Amino acid sequence: MATLNFKRFSHVNDLKAIHHDSLVRFLAPHAPYLGAKEFTLPLEGSSDGFDYEALTSLFLSTDDMPQDLVEALYQVNEMATPEGMQDILERCEDAGVDLVLGEEPAPTDVAVQAWLQAPEIFERAHNEYQLDRPRSFESFFNPDSKSVPAIKVPSAVTLKGMEAALTEWFDRKKCGKTVTIHPFERDDGLWFLIRRGEPIKRQGAVLDGKSGSVVYRPEKHDVLVYTPALAELRISPVTKKERELYLRVFGKHLFEDDEFFSERGKYTLEPLRRDGEDSLVCSDIEGLDDIVLQEVRIKWGGQHKEFETRRAEDLFAAYEAREKELPRHAPLVLAKFRVTFSNTKKTRVLVIYPPNKINIKRHDDSTVLDAWMAKRGFILNQTSEEDVENDVSVACS
């Protein structure tokens, strides 16, 4: 976790939104710790003596909170949003679980009730919430994708081997001794949520009325997506060394080859220069109505390492109005597009950062956008023209 600021538990009104008995049951396993802090939990069924002010202060100032309480507060805090509430309620309904809720429960109350009554549903919802947080990925693939064997969710033995390899590396980097991998099957491939630690942090805090510090280890969630059709591994933002680690470990344990995934570039912006506005044509891609170039970043380099950003509502139209064009030789290192999808009036943004990175608003946009990028040449030639046509057909089916 990035900080110890549990927003949903740091305000009295948020705590009062949780049903009294639910809050008592949620905190009951930690009664000894709370007692040591001179906070006594009232009995279920009685709200007498529940000092909400003291409880919020305790959550804000303590430096020795049990790790399992920290984890519980952290996860409930993240799921206590309107979106998280709807996700939990839908999952419980699908599973036939009837949460004990009042007429108009608050998101925090729903999260706490799910934590208490349906822990497996809550854990999966939280894990998938972490999966969907990253919007930016770097892509790496196997150049010989034609002969790549099909794989399914790794076995428990394989996952333990991967976790051991990752734990050994992160432990040497002083990032803790626990790494867990949670695999998920989705329509576009295998998703992996990796939960691991970061270096210890010290944060200023008020302890018993005096200035002090809180020492804790932040938790980090990395997301990796393997797309079998492309033999491609996408990785959420990590450091260069961490990226190399994941490529090596996933290649070795999934394909018995620690060099299975190539770091060769996937994306190029040359079609913007070569084809101009024709590079934005999307009428042949079902699901897309319109694509407009709105921004480019140009690397001039030189002694002062100069970059230039050009931005407009419609950049090609702006260039045409001034009888200008994109520079012929300076590298284009970023392009931002406004995308209109057929199923919504709202536009969304696609950003391409050659050689390996893109940023999209929603994960389910990726299939149709990949088809468009491949068709227009923004994806470097990893497949034949026939494969691109097949990818488009799959994306539109």
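Residues numbered from 1 in each chain as written. Predicted model: local features only at pLDDT ≥ 70, side-chain atom pairs only at ≥ 80, totals over all residues. Heavy atoms only, no water.

Participant: So what exactly am I meant to see when it comes to the nonpolar core here?
Facilitator: Within soluble globular proteins, side chains that are nonpolar tend to cluster in buried spots. With 37 residues, the main nonpolar core has Leu-27, Phe-59 and Ile-88 as its most contacted residues. Looking at this core element by element, the count peaks at six residues for helix α5 (residues 67–79). With 31 residues, the next largest nonpolar core counts Cys-282, Tyr-319, Ile-352 and Ile-360 among its residues. (Core = buried A, V, L, I, M, F, W, Y, C linked by side-chain atoms within 4.5 Å. Buried < 20%, exposed > 50% of the residue type's maximum accessible area, 1.4 Å probe, protein only. Helix = DSSP H or I, 4+ residues; strand = E, 2+ residues; numbered from the N terminus.)

Participant: I keep staring at the sheet that holds strand β11 (residues 347–353) and nothing clicks. Help me out?
Facilitator: Across a sheet, strands are paired by hydrogen bonds formed along the backbone, either parallel or antiparallel in direction. The sheet built from ten strands is open, its strands ordered β2-β3-β6-β7-β1-β12-β11-β10-β8-β9 with antiparallel pairing. Sheet topology places β2 (179–186) and β9 (306–311) at the edges, where each strand pairs with a single neighbour. Ignoring strand direction, the axes of neighbouring strands in this sheet form an average angle of 20°. Pairing of β11 with strand β12 (residues 357–360) involves four bridges; the strand directions are antiparallel. Looking across to β12, one finds that Leu-350 is bridged to Ile-360. Relative to β2, helix α9 (residues 156–172) is tilted by about 135°, and along the sheet it contacts β2 and β3 (189–197). (Pairing = 2+ DSSP bridges. Axes fitted to C-alpha atoms, helices over the stretch in contact; angles between N-to-C directions. Contact = heavy atoms within 4.5 Å.)

Participant: I tried to follow the pattern of salt bridges on my own but got confused; where do I start?
Facilitator: Any two side chains of opposite charge can pair if their charged atoms end up close together. Applying the stated criterion across every chain, the model contains 23 salt bridges. One salt bridge connects Glu-168 with Arg-172, and the closest N-O pair in it is separated by 2.7 Å. One end of the pair is Glu-168 and the other is Arg-172, both in helix α9 and four residues apart, which spans about a single turn. Of the charged contacts, one joins Asp-171 and Lys-177 as a salt bridge, the two residues approaching to 3.2 Å between their closest N and O atoms. If you follow the salt bridges from partner to partner, you end up with Asp-87, Arg-91, Arg-124, Glu-128 and Arg-186 in one network. (Salt bridge = Lys/Arg side-chain N within 4 Å of Asp/Glu carboxyl O.)

Participant: How should the packing of aromatic side chains be read in this particular structure?
Facilitator: The way to describe two aromatic rings as a pair is by their centre distance and the angle between their planes. One pass over the full model with this rule turns up 15 aromatic pairs. Relative to Phe-260, the ring of Phe-255 lies with its centre 3.9 Å away and its plane at 5°, an arrangement referred to as stacked. When sorted by exposure, Phe-255 lands in the same class as Phe-260, which is buried. Joined through ring pairs, the aromatic side chains of Trp-169, Phe-170, Phe-192, Tyr-246 and Phe-250 make up one cluster. The ring of Phe-137 carries the charged tip of Arg-234 above its face, separated from the ring centre by 5.3 Å. Here the basic side chain of Arg-297 rests over the ring of Phe-307, its NZ or CZ set 4.3 Å away from the ring centre. (Phe/Tyr/Trp six-rings, centres within 6.5 Å; stacked < 30°, edge-to-face > 60°. Lys NZ or Arg CZ within 6 Å of the ring centre and 35° of its normal.)

Participant: Any chance you could explain the packing of α5 against helix α8 (residues 119–131) here in plain terms?
Facilitator: Where α5 meets α8, the axes come as close as 10 Å, and the angle between the chain directions of the two elements is 70°. The angle between α5 and α8 places the two elements in the roughly perpendicular class. The interaxial crossing formed by α5 with α8 has left-handed handedness. On the side of α5, the interface is formed by Tyr-74, Gln-75, Val-76, Glu-78 and Met-79, while α8 contributes Phe-122, Ala-125, His-126, Tyr-129 and Gln-130. (Parallel < 35°, antiparallel > 145°, perpendicular 65-115°, else oblique. Left-handed = near helix turned anticlockwise from the far one by under 90°.)

Participant: Just to check I follow, could you spell out helix α2 (residues 20–27) for this structure?
Facilitator: The α-helix winds at 3.6 residues per turn, so residues separated by three or four positions along the chain end up facing the same way. Counting buried positions along α2 yields seven of eight residues, so the element is predominantly enclosed. Taken as a whole, α2 has its buried residues at His-20, Asp-21, Ser-22, Leu-23, Val-24, Phe-26 and Leu-27.

Participant: Help me understand the pairing of β11 in this model?
Facilitator: The side chains of a regular strand alternate between the sheet's two faces. When strand β10 (residues 332–341) meets β11, the two strands line up antiparallel, connected through six bridges. By the bridge assignment, Val-339 is partnered in β11 with Arg-348. Counted between consecutive antiparallel strands, the loop separating β10 from β11 contains five residues. The turn linking β11 back onto β12 is made up of three residues.

Participant: How should I be thinking about the environment of Gln-113 in this particular structure?
Facilitator: Here Gln-113 shows up in helix α7 (residues 107–117). Judged by its relative accessible area of 2%, Gln-113 is buried. What Gln-113 contacts, discounting residues up to four positions off in sequence, is Ser-22, Arg-25, Leu-99, Val-100, Leu-101 and Ala-118. Of the polar contacts made by the side chain of Gln-113, one reaches the side chain of Ser-22; its length is 2.5 Å. From its side chain, Gln-113 meets the backbone oxygen of Val-100 in a polar contact 2.9 Å long. (Polar contact = N/O pair within 3.5 Å; in protein donor to acceptor, adjacent residues only side chain to side chain.)

Participant: Is there a simple way to think about the side chain of Asn-127 in this case?
Facilitator: On the secondary structure map, Asn-127 appears in helix α8. For Asn-127, a relative accessible area of 4% corresponds to the buried category. Residue contacts for Asn-127: discarding those within four places in its chain leaves His-182, Phe-184, Leu-193 and Arg-195.

Participant: Would you mind going over the packing of α2 against α7 with me for this structure?
Facilitator: In a packed pair of helices, the relevant descriptors are the angle between the two axes and the axis-to-axis distance. As a packed pair, α2 and α7 sit with axes 10 Å apart at the nearest point and diverge in direction by 50°. As judged from the angle between their axes, α2 and α7 are oblique. Read as a crossing pair, α2 and α7 show a hand that is left-handed. Touching Ser-22, Arg-25 and Phe-26 of α2 are Asp-109, Val-112, Gln-113, Trp-115 and Leu-116, all from α7. Grouping the amino acids of the contact of α2 with α7 by side-chain chemistry returns four nonpolar, two polar and two charged. (Nonpolar A, V, L, I, M, F, W, Y, C, P; charged D, E, K, R; others polar.)

Participant: How do you make sense of unusual backbone geometry when you look at a structure like this?
Facilitator: With an omega of 10°, the peptide bond running from Pro-354 to Pro-355 counts as cis. Mapping Pro-355 onto the fold places it in the loop between β11 and β12. Notably, Glu-256 is not glycine yet its phi reads approximately 55°, a positive angle. Of note, Glu-256 is situated in the loop between α10 (240–255) and α11 (270–275). Under the relative-accessibility criterion, Glu-256 is labelled exposed at 77%. Positive phi, normally seen in glycine, also occurs at Glu-323, with a value near 55°. Within the secondary structure, Glu-323 is located in the loop between α12 (315–321) and β10. On the basis of relative accessibility, which here comes to 75%, the residue Glu-323 falls in the exposed class.

All quantities given are derived from atomic positions and should not be read as evidence of function.
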